[in-house]
Amino acid sequence: MTFDAVSARRSEKKQGPRLSPEQAAAAAMVAAAREQGLALTGPDGLLKLFTKNVLEAALNEEMTEHLGHEKNQADPGRDSVNVRNGARAKTVVSDAAGEVEIAVPRDRESTFEPQLVKKRQRRLGEVDEIVLSLYAKGLTTGEISAHFAEIYGASVSKETISRITDRVVAEMEEWSHRPVDSVYVAVFIDAIVVKVRDGQVANRPVYAVIGVTIEGHKDVLGLWMGTGAGEGAKFWMSVLVDLKNRGLRDVFFLVCDGLKGLPEVVGNVWPDTIVQTCIIHLIRNSFRLVSRKHWGDLTKDLKPIYTAPNAAAAANALAELEEKWGKQYGAMIRLWRNAWEEFIPFLDYDVEIRKVLCSTNAIESLNARYRRAIRARGHFPTEQAAMKCLYLVTRSLDPTGTGRARWTMRWKPVLNAFAITFGDRWPAAETY
């Protein structure tokens, strides 16, 4: 190896790793911008200028492809007489650079249809998705408009934002009426309350249903805007019938919060379904009927009931609870007696399976996301606005898929147990 080659290699090491052509071009642009005192971001920054240049260069390439020749280089013997006819100014909104004014080339015959920035298109990139995401988080159209003005320096009117969010209405309707699986191993149901301004602001219940497929996947089966001010078993009847009409013919376990009349409603729609009352709701309602000074003792006395090895042991623990507290808190004992048949089904399974079947925690986590968006809004102008917001929250759940993977792994023991317990109703061809 010659002395010159060694010197060249040492010089390369001192200069650092060699840049790719793209990196070298970007570095040169940044250096030139700094020399000229040009900011990288902002209204007149390098990013906006770069976006303008790239868009205009791409549009000119599209025009060249459309006409079949470069500017001022048309073949005299060609059949078409169509040529470039100047350019028109257009302002577009970019999620990265804000408002960018570009020159869109025109042709003499007005047959040019640009694809990168289509005719009448004013927003670029992910602007629509940003609007939908912010709406799902509970921001009003006015707040979203102010957000774009503050962050991007772009003017997006409230009417434009409303039109963007209204595009999901048809998608929401299709989602609400889509066919569902014929069998679900478990279904969790609950309702949340939203405030809707219909003449005056009033509470309206929204009914939500989550299903667990035979593969262990979680699926939000639908959202229904109810009537009246609170949750009711009568409306749940219409919800379950709707699911049945969409193809759901059998449910192994249905977990609910113990609403009066709900077990009878479930039995009318799916006679073989086991109804499980959420034990957390049951315990919470027990404390509401007991003086605060007795909460510590009651906590210890209730635990043997819901941790019993079987239904018989739970019945003995309830008898002991009644013997100790029956005279003082008869309403609490009556609460447990009335819910007993819907309380004991989960006791037939081991501890790991009980954890996922004994409560409505599966749907409460979804309700927490809904309530976060609802609190940000306060109230909604219409029922459709409320449903649109909740649907967008549903659509944005678990974007990476990691939550779905964890959920499926947690349900594997349940699926194995149910495949044996409900083998005659399992839709797969295998026998267990």
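Residues numbered from 1 in each chain as written. Predicted model: local features only at pLDDT ≥ 70, side-chain atom pairs only at ≥ 80, totals over all residues. Heavy atoms only, no water.

Engineer: Can you tell me about the overall build of the protein chain, naming the residues and giving the values?
Structural biologist: Broken down by element type, the protein chain carries 18 helices and seven strands. Per-residue burial for the protein chain yields a buried fraction of 42% across its 432 residues. When contacts within the protein chain are restricted to residue pairs at least 6 apart in sequence, long-range pairs at least 24 apart make up 64% of them. Accessible surface, the protein chain as shown: approximately 23900 Å² in total, 52% of it carbon and sulfur. (Helix = DSSP H or I, 4+ residues; strand = E, 2+ residues; numbered from the N terminus. Buried < 20%, exposed > 50% of the residue type's maximum accessible area, 1.4 Å probe, protein only. Contact = heavy atoms within 4.5 Å. Areas by Shrake-Rupley, 256 points an atom, 1.4 Å probe, with all protein chains shown as cover.)

Engineer: Give a detailed account of helix H17 (residues 383–395), specifying residues and quantitative values.
Structural biologist: Taking 1.5 Å per residue, 13 residues should reach 18 Å; H17 reaches 18 Å between its end C-alpha atoms and fits that length. For H17, the tally of buried residues reaches 10 of 13 residues, placing the bulk of the element in the interior. Three or more residues of H17 are buried, namely Ala385, Ala386, Met387, Lys388, Cys389, Leu390, Tyr391, Leu392, Val393 and Thr394. (Expected span 1.5 Å × (residues − 1).)

Engineer: How would you summarise the pattern of salt bridges if you had to cite specific residues and measurements?
Structural biologist: Opposite charge on two side chains lets them pair, provided their charged atoms get close. This structure, assessed with the given rule, holds nine salt bridges. Two residues, Lys324 and Asp301, come together in a salt bridge whose shortest N-O distance is 3.0 Å. Placement of the pair is Lys324 in helix H12 (residues 311–325) and Asp301 in helix H11 (residues 295–306), with a sequence separation of 23 residues. (Salt bridge = Lys/Arg side-chain N within 4 Å of Asp/Glu carboxyl O.)

Engineer: I'd like a description of the sheet that holds strand E7 (residues 274–277), backed by residues and values.
Structural biologist: The strands making up a sheet are joined through hydrogen bonds of the backbone, oriented either antiparallel or parallel. With mixed pairing, the five strands of this open sheet are ordered in space as E5-E4-E3-E6-E7. With partners counted over all chains shown, the strands left at the sheet margins are strand E5 (218–225) and E7, one partner each. Within the sheet, the average angular offset between the axes of one strand and its neighbour, ignoring direction, is 25°. Here strand E4 (residues 200–212) pairs with E5 via seven bridges, running antiparallel. For Val206, the partnering residue across the bridge sits in E5 and is Met225. (Pairing = 2+ DSSP bridges. Axes fitted to C-alpha atoms, helices over the stretch in contact; angles between N-to-C directions.)

Engineer: Could you give me a rundown of the pairing of E4, with the residues and numbers involved?
Structural biologist: Of the strand pairs in this sheet, strand E3 (residues 183–198) and E4 are connected by 13 bridges, and their pairing is antiparallel. Considered in E4, the bridge of Val187 is made with Gly211. The antiparallel hairpin formed by E3 and E4 contains one residue in its connecting segment, where Gly199 sits at a positive phi of about 85°. Where E4 folds back onto E5 in an antiparallel hairpin, the turn is made up of five residues, including Gly216, whose phi is positive at roughly 90°.

Engineer: I'd like a rundown of the packing of helix H16 (residues 361–377) against H17, residues and numbers included.
Structural biologist: Closest axis-to-axis distance for the H16/H17 pair is 10 Å, and the angle between their directions is 135°. Classified by the angle between their axes, H16 and H17 sit oblique to one another. Note that H16 runs across H17; the crossing there is right-handed. The residues of H17 that touch H16, namely those facing Arg369, Tyr370, Ala373 and Ile374, are Cys389, Leu390, Val393 and Thr394. (Parallel < 35°, antiparallel > 145°, perpendicular 65-115°, else oblique. Left-handed = near helix turned anticlockwise from the far one by under 90°.)

Engineer: Let's hear about the packing of helix H10 (residues 279–288) against H11: which residues, and what values?
Structural biologist: Here H10 crosses H11 at 150°, and the two axes come no closer than 11 Å. Taken together, the axes of H10 and H11 lie roughly antiparallel to each other. Considering how the two elements wind past one another, H10 and H11 form a crossing that is right-handed. Listed contacts from H11 to Ile279, Ile283, Ser286 and Phe287 of H10 are Trp295, Leu298, Thr299, Leu302 and Tyr306. Residues that form the contact of H10 with H11 fall into these classes: seven nonpolar, two polar and no charged. (Nonpolar A, V, L, I, M, F, W, Y, C, P; charged D, E, K, R; others polar.)

Engineer: Explain the nonpolar core residue by residue, including any values.
Structural biologist: Formed by 73 residues in total, the largest nonpolar core has its most connected members in Ile305, Trp336, Phe343, Trp411 and Phe418. Among the nonpolar cores identified, the runner-up in size contains 26 residues, and Val187, Ile189, Ala191 and Trp236 belong to it. (Core = buried A, V, L, I, M, F, W, Y, C linked by side-chain atoms within 4.5 Å.)

Engineer: Summarise unusual backbone geometry; cite the residues concerned and give the values.
Structural biologist: With phi around 55°, Ser110 is a residue other than glycine that occupies positive phi space. Examined against the element boundaries, Ser110 turns out to sit in the loop between strand E2 (98–107) and helix H4 (127–136).

Engineer: Got a sec to walk through the packing of aromatic side chains? Specific residues and values, please.
Structural biologist: In total, this model carries 17 aromatic pairs according to the counting rule given. Aromatic pair Phe252 and Phe418: ring centres 6.4 Å apart, planes at 75°, arrangement edge-to-face. Of the two residues, Phe252 sits in strand E6 (residues 250–256) while Phe418 sits in helix H18 (residues 402–421), which places them 166 residues apart along the sequence. Consider the rings of Phe287 and Trp295, whose centres lie 5.5 Å apart with planes at 70°: the pair is edge-to-face. Phe287 gets classed as buried once you look at its relative accessible area, which sits at 17%. The exposure class assigned to Trp295 is partly exposed, which follows from its relative accessible area of 30%. Looking at Lys218, its charged tip hangs above the ring of Trp407, at a distance of 4.6 Å from the centre. (Phe/Tyr/Trp six-rings, centres within 6.5 Å; stacked < 30°, edge-to-face > 60°. Lys NZ or Arg CZ within 6 Å of the ring centre and 35° of its normal.)

Engineer: So, the environment of Gln73: which residues are in play, and what are the values?
Structural biologist: If you trace the backbone, Gln73 turns up in the loop between helix H3 (46–67) and strand E1 (84–94). Separated by 10 residues in sequence, Gln73 and Val83 place their C-alpha atoms 9.9 Å apart.

Coordinates in, geometry out; function isn't part of it.
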